[in-house]
Amino acid sequence: MIIAIDGPAASGKGTLARRVAVHFGLRHLDTGALYRAVARDTLAQGGDLTSASIAAIAAARLDAATLRDPGLRTTGLGEAASVVARHPEVRAVLIEYQRNFARADPGAVIDGRDIGTVICPDADAKLFVTATPEERAHRRFLELKERDSGIEEEAVLADIRSRDDRDRNRAVAPLVQAEDAALLDTTNLAIDAAFRAAIDLIEAAMGRAGRAG
Ligand code: C5P
């Protein structure tokens, strides 16, 4: 079973994907970590993020053991990831890793931007998780404030808007809801309510797939 969960930055898709994976006994892959790690490794080698060939080499050499590095979650690496994610050469290198992960038993929940559209177009269930930019910025702000009391919500909102813009308007694999994905707007939902709504939507999608088959 493959469940694809896509959505913009700070929509709650990562938390939902982890909980959905536990619920169904599946493995979980956060594909944002792949792009963040490529950005981290490119910068560590003194490389230019806008150079497709340098970033593609970092993608080819990516060590999967480093994907759980908590240092990947910074705002700076999120921005940097969205720069390397624009290169078709980088995306092409990362496709195989993601598809192999999806195919391995017992199946997987994969979250990202292009999972339902490009990586796993035949997923058994697809969710597109979203929330208003203001609500996403507010959630991210509360998270970041724990570590940095000087952070300003306006600045977080500006970052969210610029990353949305880059992800939605790039030429290759832009962030877009797949035609057959169910929309889950979490703007007014606490995490437990969002989780229950996600399970209902996934079960409905699997029920439809079962009837069609
Ligand atoms: O989800 P996360 O914030 O970790 O993603 C970081 C960046 O990686 C995104 O802004 C996006 O540019 C890129 N990304 C992508 N395709 C994915 C996952 C992430 O382009 N499947």
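Residues numbered from 1 in each chain as written. Predicted model: local features only at pLDDT ≥ 70, side-chain atom pairs only at ≥ 80, totals over all residues. Heavy atoms only, no water.

### Section: the site of the ligand
So, step 1. The ligand sits among 16 residues. The nearest are Arg-36, Arg-91, Arg-113, Arg-163 and Asp-167.
So, step 2. At 3.5 Å from an oxygen atom of the ligand is found a side-chain nitrogen or oxygen belonging to Arg-73.
So, step 3. The contact in question runs from an oxygen atom of the ligand to an N or O atom on the side chain of Arg-91, over 2.8 Å.
So, step 4. Coverage of the ligand by the protein amounts to 98% of the 460 Å² it exposes when considered alone.
So, step 5. The set of elements that each furnish at least two residues to the shell around the ligand consists of helix 2 (32-44), helix 4 (75-84) and helix 8 (153-169).
So, step 6. Among the elements that line the shell around the ligand, the one with the most residues is helix 2, at three residues.
So, step 7. Along the lines of polarity and charge, the residues of the shell around the ligand split into three nonpolar, four polar and nine charged. (Near = heavy atom within 4 Å. Polar contact = N/O pair within 3.5 Å; in protein donor to acceptor, adjacent residues only side chain to side chain. Areas by Shrake-Rupley, 256 points an atom, 1.4 Å probe, with all protein chains shown as cover. Helix = DSSP H or I, 4+ residues; strand = E, 2+ residues; numbered from the N terminus. Nonpolar A, V, L, I, M, F, W, Y, C, P; charged D, E, K, R; others polar.)

### Details of the side chain of Arg-140
So, step 1. Within the element layout of this structure, Arg-140 appears in helix 7 (residues 133-145).
So, step 2. Excluding residues within four positions of it along the chain, Arg-140 makes contact with Ala-10, Arg-73, Val-156 and Arg-163. (Contact = heavy atoms within 4.5 Å.)

### Some points on unusual backbone geometry
So, step 1. A cis geometry characterises the amide bond from Asp-105 onward to Pro-106, with omega recorded as 0°.
So, step 2. In this fold, Pro-106 is placed in the loop between helix 5 (88-103) and strand 3 (108-112).
So, step 3. In this structure, Ala-10 takes a positive phi of about 60° despite not being glycine.
So, step 4. Position of Ala-10 among the secondary structure elements: in the loop between strand 1 (2-6) and helix 1 (13-24).
So, step 5. Despite not being glycine, Ala-173 has its phi angle at roughly 45°, a positive value.
So, step 6. Tracing the chain through its elements places Ala-173 in the loop between helix 8 and strand 5 (182-185).

### Topic: the packing of helix 2 against helix 3 (residues 52-60)
So, step 1. The interhelical angle for the contact between helix 2 and helix 3, taken along N-to-C directions, is 115°, at an axis separation of 9 Å. Relative to helix 3, the element helix 2 lies roughly perpendicular. Every pair of crossing elements has a handedness; the one defined by helix 2 and helix 3 is right-handed. Contacts from Val-38, Asp-41 and Thr-42 in helix 2 reach Ile-54, Ala-55, Ala-58 and Ala-59 in helix 3. (Axes fitted to C-alpha atoms, helices over the stretch in contact; angles between N-to-C directions. Parallel < 35°, antiparallel > 145°, perpendicular 65-115°, else oblique. Left-handed = near helix turned anticlockwise from the far one by under 90°.)

### Section: the packing of aromatic side chains
So, step 1. Counted under the stated rule, the structure contains zero aromatic pairs.
So, step 2. Cation over ring: Arg-27 sits above Phe-101, and NZ or CZ is 4.0 Å from the ring centre. (Phe/Tyr/Trp six-rings, centres within 6.5 Å; stacked < 30°, edge-to-face > 60°. Lys NZ or Arg CZ within 6 Å of the ring centre and 35° of its normal.)

### A few points about the nonpolar core
So, step 1. Counting residues in each nonpolar core, the largest one holds 22 residues, and the members touching the most others are Tyr-35, Val-38, Leu-62, Val-90 and Leu-94.
So, step 2. Elements with a minimum of two residues in this core: helix 2, helix 3, helix 4 and helix 5.
So, step 3. With six residues, helix 2 is the single largest residue contributor to this core.
So, step 4. Judged by nonpolar contacts, the second largest core, of 19 residues, contains Ile-5, Ala-21, Ala-125 and Ile-202. (Core = buried A, V, L, I, M, F, W, Y, C linked by side-chain atoms within 4.5 Å. Buried < 20%, exposed > 50% of the residue type's maximum accessible area, 1.4 Å probe, protein only.)

### So, the pairing of strand 1
So, step 1. By the criterion of burial, strand 1 is predominantly enclosed, with five of the five residues buried.
So, step 2. Side chains Ile-2, Ala-4 and Asp-6 of strand 1 all project onto a buried face; the interleaved residues Ile-3 and Ile-5 project onto the opposite face, where all are buried too.
So, step 3. In this structure, strand 1 lies alongside strand 4 (residues 125-130), joined through four bridges in parallel fashion. Along strand 4, the bridge assignment pairs Asp-6 with Phe-128. (Pairing = 2+ DSSP bridges.)

### Observations concerning the environment of Asp-185
So, step 1. Along the polypeptide, Asp-185 turns up in strand 5.
So, step 2. In this structure, the C-alpha to C-alpha distance between Asp-185 and Pro-8, residues 177 residues apart in sequence, is 11 Å.
So, step 3. A polar contact of 2.6 Å, which involves the side chain of Asp-185, links it to the side chain of Thr-187.

### Observations concerning the packing of helix 2 against helix 5
The description of two helices packed together rests on the angle between their axes and the distance between the axes.
So, step 1. Interhelical geometry of helix 2 versus helix 5 gives an angle of 135° and a closest axis separation of 11 Å. Considered as vectors, helix 2 and helix 5 are oriented oblique to each other. Judged by the sense of rotation from one axis to the other, the crossing of helix 2 with helix 5 is right-handed. Contacts between helix 2 and helix 5 pair Leu-34, Tyr-35 and Val-38 from the former with Val-90, Arg-91, Leu-94, Tyr-97 and Gln-98 from the latter.
So, step 2. Split by residue class, the contact of helix 2 with helix 5 holds six nonpolar, one polar and one charged.

The values reported here are purely geometric and, on their own, carry no functional implication.
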